[in-house]
Amino acid sequence: MSTTQLSKKRVKIFHPFFVAIFPVLIIYSQNIGRVEFEDLFLPLILFISFSVGLFYLLKLILKNGYKSALIVTILLIILFSYGHVYYLLADVSIDGFDIGRNRYLLPIFGLTLIVGIFFVLRAKRVFDNATSILNVISIVFLLVAASNVVLVGAEVFSCEKCANQELFYETIDFSKYFEPHTFSTSTNQELPNVYYLILDEYARQDALMEYHKFDNSEFVNNLEDRGFHVAKENLANYPMSVLSIPAIMNMNYLNFLADEMGADVRNYQPLDEKNHGLYPNNMVLKNFKEMGYKIINFNTFALHLHEIPLADHTICHRQPFLLDNRLVDTLGRTSVAGYFVERWAEAELRQATKCALDELSGAGNVFSEPTFIWAHVFLPHPPWIWGPNGEHITPGNPLLITDNPEYRDAGWEPKRQFIQQTQFANKMTIKAVDEILENDPYSIIIIQGDHGTAWDINWQDPSEKDVYQRLRNLDAIYFPDEEKRIYLKDDRTLVNTYRTIFNSYFGSNYEILENKMYWNTNQKPYNFVDVTDYALKE
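Reference entry: report on the structure contained in this document. None of the values given here were measured: they were computed from a predicted structure. (Residues numbered from 1 in each chain as written. Predicted model: local features only at pLDDT ≥ 70, side-chain atom pairs only at ≥ 80, totals over all residues. Heavy atoms only, no water.)

A word on the overall build of the chain
Part 1 of the argument: Looking only at helices and strands, one finds 19 helices and eleven strands in the chain.
Part 2 of the argument: Per-residue burial for the chain yields a buried fraction of 53% across its 538 residues.
Part 3 of the argument: Here the contacts in the chain between residues at least 6 apart in sequence split such that 73% fall between residues at least 24 apart.
Part 4 of the argument: Summed over its atoms, the accessible surface of the chain is roughly 25,000 Å², and 56% of this surface lies on carbon and sulfur atoms. (Helix = DSSP H or I, 4+ residues; strand = E, 2+ residues; numbered from the N terminus. Buried < 20%, exposed > 50% of the residue type's maximum accessible area, 1.4 Å probe, protein only. Contact = heavy atoms within 4.5 Å. Areas by Shrake-Rupley, 256 points an atom, 1.4 Å probe, with all protein chains shown as cover.)

Notes on unusual backbone geometry
Part 1 of the argument: Note that the residue after leucine 379, namely proline 380, is joined by a cis bond; omega there is 0 degrees.
Part 2 of the argument: On the secondary structure map, proline 380 appears in the loop between β7 (371–377) and α16 (414–439).
Part 3 of the argument: Here the residue pair proline 382 and proline 383 is connected by a cis peptide bond, since its omega of 10 degrees sits within 30 degrees of zero.
Part 4 of the argument: One can find proline 383 in the loop between β7 and α16.
Part 5 of the argument: Despite not being glycine, lysine 213 has its phi angle at roughly 55 degrees, a positive value.
Part 6 of the argument: Its location among the elements puts lysine 213 in the loop between α8 (205–212) and α9 (217–225).
Part 7 of the argument: Looking at lysine 213, the relative accessible area reads 68%, which means it is exposed.
Part 8 of the argument: Positive phi, normally seen in glycine, also occurs at aspartate 456, with a value near 60 degrees.
Part 9 of the argument: Checked against the element boundaries, aspartate 456 lands in the loop between β8 (443–448) and α17 (464–470).

Notes on the packing of aromatic side chains
Part 1 of the argument: Tallied over the full model, the rule gives 30 aromatic pairs.
Part 2 of the argument: For the ring pair tryptophan 386 and phenylalanine 424, a centre distance of 4.4 Å and an interplane angle of 20 degrees mean the geometry is stacked. Of this pair, tryptophan 386 sits in the loop between β7 and α16 while phenylalanine 424 sits in helix α16, and the two are 38 residues apart along the sequence. Across the pair, exposure class does not vary: tryptophan 386 and phenylalanine 424 are buried alike.
Part 3 of the argument: Cluster of aromatic residues (ring-pair linked, three or more members): Tyr196, Phe288, Tyr293, Phe372, Tyr498, Phe502, Phe506 and Tyr510. (Phe/Tyr/Trp six-rings, centres within 6.5 Å; stacked < 30°, edge-to-face > 60°.)

Here we look at the nonpolar core
Part 1 of the argument: In this structure, Met249, Leu257, Phe288, Phe372, Trp374 and Tyr498 are the most contacted members of the largest nonpolar core, which totals 64 residues.
Part 2 of the argument: Ranked by the residues each element gives to this core, the list is headed by helix α10 (residues 241–250), at six residues.
Part 3 of the argument: Ignoring any residue separated from it by four or fewer positions in sequence, one finds phenylalanine 372 in contact with Val194, Tyr196, Met249, Val284, Leu285, Phe288, Tyr293, Lys294, Ile295, Ile296 and Tyr498.
Part 4 of the argument: Among the nonpolar cores identified, the runner-up in size contains 46 residues, and Ala207, Phe214, Ile315 and Val433 belong to it. (Core = buried A, V, L, I, M, F, W, Y, C linked by side-chain atoms within 4.5 Å.)

A word on the pattern of salt bridges
Part 1 of the argument: Under the definition given, this model contains 17 salt bridges.
Part 2 of the argument: Here lysine 289 makes a salt bridge to aspartate 312, at a shortest N to O gap of 2.9 Å. A residue pair is termed long-range when its members are at least 10 positions apart, and lysine 289 in helix α13 (residues 283–290) and aspartate 312 in the loop between β5 (294–298) and β6 (313–315) qualify at 23 residues.
Part 3 of the argument: Arginine 343 is the partner of glutamate 346 in a salt bridge, and the nearest nitrogen-oxygen pair spans 2.5 Å. Residue glutamate 346 and its partner arginine 343 are both found in helix α15 (residues 338–359); the two are separated by three residues, about one turn of the helix. (Salt bridge = Lys/Arg side-chain N within 4 Å of Asp/Glu carboxyl O.)

Right, dumping it as structure tokens:
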């Protein structure tokens, strides 16, 4: 082959497509076990389609494949490096100048992109050598990402049951772990509507005082004045929502998952899988359905509460959206569009939260049959998007309004924002309670935090104080019949909530379980460590 022929041999172009795959694999590797394998396909299709489509569009315009590919690669690098740089510099300041702000980084990245594209367009070079180099670099990047998936996967799948449960999980029938529901109601008995409001991460009154110097007695007194029993020595049984709520709604401890799944397995499908998971397909809902109740739930973005096959009606319903895919959402948040993705997500969350709290009191009127109404809202749980009176705030920015001068000179302080969201939750909750008691006085109302706060705790090796902080949650229950309130104990734990309710109002005979508390982590959700002594020692 002659020199002329060699010079005419074109270099294959594939670096923009490999660069598009790289961030998807990296983000997936960080979430193996938390997202299902099939969730990987949508972002791969989207990002590869975007890079291929943009490449051929530019090639059509520029009549130059090398330049088109180079522009696509530069654009992808700018898009998906931005979020990582932003988070890296988020808390960095020089002489009081905070450099990790969108207002500074966006122009810098935008200018870099413009300069890069301008250089490529104006250059007289062929860029065949650059293409060869970028092809090699993209292969290395892809190998690094794939290796990361393999290494993390090897760690996740390293235990005896891990690979089988992660890759070939088959639905397990857990019914053998739950008692059959027996009840005794007469045909002419008035059955109460049951309202269940979960305020995510709402801590017990003494914990709010200890960790925030916040006196929440006004809210507690308001509930007690309305007939609520607000427990003083109660505790949650698990430290995370994904286990705490299924334990509540199945009226049982979930430690059998360690035997069924394996203590080191990270697969969450037994808990949150749409049709058979212990969260959406739980015993409390089945029991109410068996007694002729209708089920109403709210779409509030909390776990999979919007995906409950047993529900008869969903309030605040929204259609599935692209960002519902967790990998797409994470990739969007770490891209140059992350600021706008987060603002959109915050607006959606505000709307869903406000809708649930506004519509909760009227849900009992939807059906003529008795109804179980279940709402789970991200209050006072982050993101910090509410002021104390419902003002819209942006996470990272303090609330600066004339109505609250005490906050005007304060910088961003997460604990302060937590209290602001607690205050907002208090106002909205009391409003909903008053409306329920006015329009549906013979109803049962349960208001609970699924766990407490987690300020500076050591998840891997928690101290007694860590455990005691995390497991102190709000627990307030209203029984319309005053004589039945004697069954509500100060030292109750969440797992006995519905055992007490079914026994008190529906003639059931559930055993009240011994109070036990367990610790687990996101990495090993089924590795249950008994921390009862820690929790009860304080």
